[in-house]
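Working through the structure, step by step
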Amino acid sequence: MTNPAPLPLVDLEAQRRRLGPDLDHALHRVLEHGQFIMGPEVAELEAALERRADAAAAVTCGSGTQALLLPLMAWGVGPGDAVYVPAFTFPATAEVVALLGASPVFVDVRADTFNLDARSLSAAVADSARRGLRPRVVIAVDLFGQPADYEAITPVIRDAGLRLLADAAQSFGAASQGAPVGRLGDATAVSFFPSKPLGCYGDGGAVLTDDVDLAEHMRSIRSHGRGAGKYDIVRVGINGRLDTLQAAVLLAKLRIFDDELARRQTVADRYAACLPEPVPAPVVLPGTSSAWAQYTVQLAKRDQVADSLRRDGVASAVYYPAPLTEAPAYRHFSMAPTGVPVAGRLATRVLSLPMHPYLSDGDVERVVKSLSAAIGV
Ligand SMILES: *Cc1c(COP(=O)(O)O)cnc(C)c1O
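1. Side note on the overall build of the protein chain
Regarding its fold elements, the protein chain presents twelve helices and twelve strands. Along the longest, intermediate and shortest principal axes, the C-alpha atoms of the protein chain span 70 × 60 × 35 Å. Evaluated residue by residue, the protein chain yields a buried proportion of 55% over its 377 residues. Contacts spanning at least 24 positions in sequence make up 73% of the contacts within the protein chain whose residues lie at least 6 apart. Total accessible area computed for the protein chain in this model is approximately 15,800 Å², and 53% of it derives from carbon and sulfur atoms. Computing the positive centroid from 36 side-chain charges and the negative centroid from 41, the protein chain places the two 3 Å apart.

2. Examining unusual backbone geometry
Of note, the amide linkage connecting Y319 to Y320 takes the cis form, showing an omega dihedral of 10°. Within the fold, Y320 resides in the loop between helix 10 (302-311) and helix 11 (341-349). The residue Q177 is not glycine, and still its phi comes out positive at about 50°. Relative to the assigned elements, Q177 resides in the loop between strand 6 (175-176) and strand 7 (179-180). A residue is classified by how much of its surface remains accessible, and Q177, at 41% relative accessible area, is partly exposed. The backbone of H224 sits at a positive phi, close to 60°, despite the residue not being glycine. Along the chain, H224 falls in the loop between helix 8 (212-222) and helix 9 (244-274).

3. Side note on the site of the ligand
In the vicinity of the ligand there are 15 residues, among which G64, T65, Q170, S191 and K196 approach most closely. K196 places a polar side-chain atom, nitrogen or oxygen, 2.9 Å from an oxygen atom of the ligand. Among the secondary structure elements, those contributing two or more residues to the shell around the ligand are helix 4 (64-74) and helix 5 (92-99).

Cut-offs used in this document
- Per chain, residue numbering runs from 1 following the sequence as it is written.
- It should be noted that, the model being predicted, local features are given only for residues of pLDDT at least 70 and side-chain atom pairs only at 80 or more, the latter also being counted only at that level, while totals for whole chains, interfaces and linings use all residues.
- Think of the side-chain values as coming from all heavy atoms in the structure, minus any hydrogens and water.
- Put simply, DSSP marks the helices as runs of H or I at least four residues long and the strands as runs of E at least two long, and each gets a number from the N terminus on.
- Burial status follows relative accessibility: with a 1.4 Å probe on protein chains alone, a residue under 20% of its type maximum counts as buried, one over 50% as exposed, and anything between as partly exposed.
- Whether two residues are in contact is decided by their heavy atoms, any of which lying within 4.5 Å being enough.
- In short, Shrake-Rupley with a 1.4 Å probe defines the accessible areas, and a residue's cover is counted only from the protein chains shown.
- The charge count includes Lys and Arg as positive and Asp and Glu as negative, but it does not include His or the ends of the chains.
- To locate a charge, take atom NZ for lysine, CZ for arginine, CG for aspartate or CD for glutamate.
- Whether a residue is near a molecule or strand is decided by its heavy atoms; if any one of them lies within 4 Å of it, the residue is near.
- Counted as a polar contact is a pair of N or O atoms within 3.5 Å, where, for protein atoms, one must be capable of donating a hydrogen and the other of accepting one, and residues adjacent in sequence contribute only when both atoms are in side chains.

Pasting the structure below:
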């Protein structure tokens, strides 16, 4: 008997086949006009992102990490400032804070949605003065594609006079209470890393905001702090631009993006309908849609299950194996007064299953069958 083909977590090949010659033509046009930096495709993409997210401004940049860095730089975040970040996230969320000399303060997350817990956030903000830190910004992560619980955290943030930066690296295309990702924070950072829901063929990112002054400020920072002229340098900036070739890739992928989002939702519905009883489907809050960057379940014997799936040729991944509070680079920073016990527990239980728009019902059934066998049901 031959083994079935391995089932990958994401399938960029299937997407590439679907895009076909459109994509090749788009890349060819850039090779022909030769404006590899800030070519016309970059402005075209920014306009398309503004329309898609219903945001006043989209500022593209070199990565999702830069998309987090640009607003923090524009807001003048620095030493003595506290920036509240969930303990259960990708390192980039905290690293931009530390890079600016500010202090990440780690906050616990909800056990059901994996996203910021409003009570832990509120306690962390209240505790900051005691630690000699000035509360400035909250970075809310929309983990695995689901917007954070903005209804619960926004009042805490407004009451304390803080800014809200949404880390939407995984959630572009999702919505909450009728508002698309891009309008849920004062600024929203998106990543176009290849495996994100909207990915390019390299690194890329964008900041979405309704604050046009902030957008101008970030445009200056991403081009070495330039003012009106190229060598009119008005502030310290960085090289933070998106390549024209990547903008061309993203324009081609945006055309099929809404269809891909709908397919991801279909796959999520299929999983929810056939997961074995002891494995609950991920919780999506009422009034919220997810971009389903990952389909993440919680399992008591996570590592054993992952090994068993691997033997069946089914890929899975652990996002994330430890809270950032345990990382050698971050463990000396402070955290919410009651710690981050939920983040610690999730790190031992989470497992992300294959999730992409090109999974068939049969593929989902194969994953579920393998999972059921692994947990003995
Ligand atoms: C991917 C990711 C980032 C960083 O994006 P890059 O484009 O890889 O720099 C930041 N935050 C979260 C939550 C992510 O998943």
